[in-house]
Amino acid sequence: MSVTQNFGIGIIALMIPFVAEIVSPETGLGFDLLLYWPFDFAYVLLVGVIFVIFNQVSKVSRGAIASLIVGLFFWLGWFAVSFLAVAQLHLALGYKL
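A brief look at the structure comes next. Nothing here was measured: the structure is a model prediction, and the numbers come from that model.

## Examining the overall build of the protein
- Within the protein, the regular secondary structure consists of four helices and zero strands.
- Starting at the N terminus and walking to the C terminus, you meet the elements of the protein as α-α-α-α.
- For the protein, the spread of C-alpha atoms along the principal axes amounts to about 50 × 25 × 15 Å.
- Restricting the contact set of the protein to residue pairs at least 6 apart, pairs at least 24 apart contribute 63%.
- Counting every atom, the protein has about 5800 Å² of accessible surface; 79% of that belongs to carbon and sulfur.

Structure, rendered in structure tokens:
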């Protein structure tokens with residue numbers, strides 16, 4: 001999978017809690033979705049599985065281990081960026097974590 005496709009998956013996965021936070025700011029839904037629904041870190045784990053599976057399935061000239069490492073790298077990067085973005089939006093809307 002190319003870097004562009006990984007970034008595309010990351011942006012789409014980031015938009016779900018981001019939009020949820022904007023649409024219903026009175027409940028802090030996006031932050032809860034990112035970290036707590038339906039169990040702790042369920043959404044984060046789902047996105048991690050998506051990154052790893054898509055990188056494994058679409059490996060072009062890399063081996064299985066290299067594809068796994070690339071998927072994990074993008075997953076950790078996505079989580080860091082999405083946590084900061086959603087948490088900052090949550091705080092900017094007037095809530096305290």
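## Quick word on the nonpolar core
- Leu34, Tyr43, Val47, Phe51, Trp75 and Trp78 are the most contacted members of the largest nonpolar core, which has 15 residues in total.
- Mapped by element, the contributors of at least two residues to this core are α1 (3–23), α2 (29–35), α3 (42–57) and α4 (64–92).
- If you tally residues by element for this core, the top one is α4, at five residues.

## As for the environment of Gly48
- Its location among the elements puts Gly48 in helix α3.
- Considering only alpha carbons, one finds Gly48 and Phe31, 17 residues apart in sequence, at a separation of 17 Å.

## Brief notes about the layout of surface pockets
- Roughly 190 Å³ of internal volume is contained in the largest pocket.
- What lines the largest pocket is simply Asn6, Phe7, Gly10, Ile11, Leu14, Phe51, Phe73, Phe74, Gly77, Trp78 and Val81.
- For the lining of the largest pocket, the secondary structure elements donating two or more residues are α1 and α4.
- Class assignment of the residues belonging to the lining of the largest pocket gives a composition of eight nonpolar, three polar and no charged.

Quick notes on the rules
- Residues numbered from 1 in each chain as written.
- Predicted model: local features only at pLDDT ≥ 70, side-chain atom pairs only at ≥ 80, totals over all residues.
- Heavy atoms only, no water.
- Helix = DSSP H or I, 4+ residues; strand = E, 2+ residues; numbered from the N terminus.
- Contact = heavy atoms within 4.5 Å.
- Areas by Shrake-Rupley, 256 points an atom, 1.4 Å probe, with all protein chains shown as cover.
- Core = buried A, V, L, I, M, F, W, Y, C linked by side-chain atoms within 4.5 Å.
- Buried < 20%, exposed > 50% of the residue type's maximum accessible area, 1.4 Å probe, protein only.
- 1 Å grid on protein atoms, 1.4 Å probe; cavity = no way out; pocket = protein on both sides within 12 Å on 5 of 7 lines; lining within 4 Å.
- Points joined across faces, edges and corners; volume = space filled by probe spheres on them.
- Nonpolar A, V, L, I, M, F, W, Y, C, P; charged D, E, K, R; others polar.

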